[in-house]
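# Fold and contact review
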Amino acid sequence: MYKKTIFFFLLLLLTCSFLTGCGEPVSKSGFYFDTVITVTLYDSSKEDILEGCFDLAEQYESYFSNTLPDSDISKINHAGGMPVTVHEETITLLEKGIAYGKLSDGAFDITIGKLSDLWNISLKALLEETDASMIPQDDEIAAALSTVDDTYVKIDGNEVTLTNPDAKLDLGGIAKGYIADRMKEYLLENGVKSALINLGGNVLTVGTKPDGSPFTIGVQYPFKDDGSSIASVQVSDATVVSSGIYERYFKVNDTLYHHILDTRTGYPYDNNLLGVTIITKDSVDGDALSTICFALGLEDGMALIESLEDTEALFITDDYEIHTSSGMGTDVPFEKL
């Protein structure tokens, strides 16, 4: 299931390449943060620029990964409550994560690491056979939930302390968006004016297609394995980020357990949503907001989007109906497929 999602987004980029109708694009892919990253340039053939993007990916993985033992985040997680000196950009991303936690009233929380590890959805999604033993026990969930509270994160200059030594940071909900934004900055600094950046489904466009028209980005049809889209949006210099229950999940007795976890109950959300797609300028915002809006549900999530400038959203409910914010179709050209 997880591999199918990666396949879809690779197909999406190939589709976008076809849509440009210009020259010969150059593209490079790599595997970082447990996902496929692809960067495609449409107005440059300089391979060294592409290499620079992946140098950035490697650098930021060494900061933000919670699996690499020498990363900033891993050092904090294993410090036993002692302060750890980290890179300045790690501080920046932690502060962003805490700000998103406040915006969502705790629905988004960067200390969700223990709960995410307990469910281990990414691994279970790859298994051929499933059974009830894969569902954590209530006491295990309660213990993990007791460590989810971003007030445990204390920042003093470039030092970070987890005041609850049992808590665990996980920046998976915003790191890819932040890295995509830094890649875009790098490309612009190197004269690239037309490109697509895809970090596991976080799609960020640099400028327009070379002919000046917007990029057309597909929104995945939930649970379809053939990479088909339920809708498409046209964007220039913007990001399209989706979160959905169809990305990583496993089933036990026809009950689906997905990777978007409720910080109140410790279980995957059950709120009649299949997915949320955010269209905005910065990918780090789209990354966080796609999770936050899914957590808030259709009504409250849509209200949040309507309160934000230059931000639009598409919600897919479990009856496969599409619900869009007020600027979709006007500010953001949109088509239901």
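Residues numbered from 1 in each chain as written. Predicted model: local features only at pLDDT ≥ 70, side-chain atom pairs only at ≥ 80, totals over all residues. Heavy atoms only, no water.

Moving on to helix α9 (residues 283-307). Working note: α-helix, 3.6 residues per turn, so residues spaced by three or four point in the same direction. Taking 1.5 Å of rise per residue, 25 residues should cover 36 Å, yet α9 covers just 18 Å from first to last C-alpha, more than 12% shy of that figure. Taken as a whole, α9 carries its principal kink of about 135 degrees at G297. (Helix = DSSP H or I, 4+ residues; strand = E, 2+ residues; numbered from the N terminus. Expected span 1.5 Å × (residues − 1). Bend = angle between axes of the 7 residues up to and from the residue.)

Backbone hydrogen bonds are what pair the strands of a sheet, in a parallel or an antiparallel way. Strand order in this open sheet of eight strands is β1-β2-β6-β7-β10-β13-β14-β15, and the pairing throughout is antiparallel. Here the strands that pair on one side only, and so sit at the sheet edges, are β1 (26-32) and β15 (322-324). Sheet twist, expressed as the average angle between the axes of neighbouring strands with direction ignored, equals 15 degrees. Looking at chain direction, strand β7 (residues 202-207) and strand β10 (residues 239-244) are connected through two bridges and run antiparallel. Within β10, the residue paired with L204 across the bridge is T239. Contacting β1 and β2 (35-41), helix α2 (residues 47-64) runs over the sheet at an angle of about 15 degrees to β1. Across the face of the sheet, α9 comes into contact with β7, β10, β13 (273-280), β14 (312-317) and β15 while running at roughly 125 degrees to β13. (Pairing = 2+ DSSP bridges. Axes fitted to C-alpha atoms, helices over the stretch in contact; angles between N-to-C directions. Contact = heavy atoms within 4.5 Å.)

As defined by bridge partners, strand β4 (residues 153-156) adjoins strand β5 (residues 159-162) across four bridges and the pair is classed as antiparallel. Considered in β5, the bridge of I155 is made with V160. The hairpin turn running from β4 into β5, its antiparallel successor, is two residues long, and G157 in that turn takes a positive phi close to 65 degrees.

Moving on: the confidence of the model for the protein chain. Per-chain confidence: the protein chain averages 92 in pLDDT, with 93% of residues scoring 70 or above. Every residue in residues 1-22 scores below 50 in pLDDT, and together they form 55 contacts with partners more than four places removed in sequence or on other chains. (pLDDT = per-residue confidence, 0-100.)

On the basis of which strands lie adjacent, the open sheet formed by three strands has the order β3-β5-β4 and antiparallel pairing. Looking at the sheet topology across the chains shown, the edges are occupied by β3 (84-85) and β4. Across two bridges, the pairing between β3 and β5 is antiparallel. Residue pairing across strands places T85 opposite E159, the latter belonging to β5. Docked against the sheet, helix α4 (residues 88-103) engages β4 and β5, running at close to 135 degrees with respect to β4.

Of note, the phi angle at F223 is positive, near 70 degrees, even though the residue is not glycine. Residue classification places F223 among the partly exposed residues on the basis of a relative accessible area of 27%. Backbone geometry at D237 places phi at a positive 50 degrees, although glycine is not the residue there. In this fold, D237 is placed in the loop between β9 (229-235) and β10. (Buried < 20%, exposed > 50% of the residue type's maximum accessible area, 1.4 Å probe, protein only.)

Here we take up the environment of Q59. Along the chain, Q59 falls in helix α2. As a C-alpha pair, Q59 and S71 span twelve residues in sequence and 9.7 Å in three-dimensional space.

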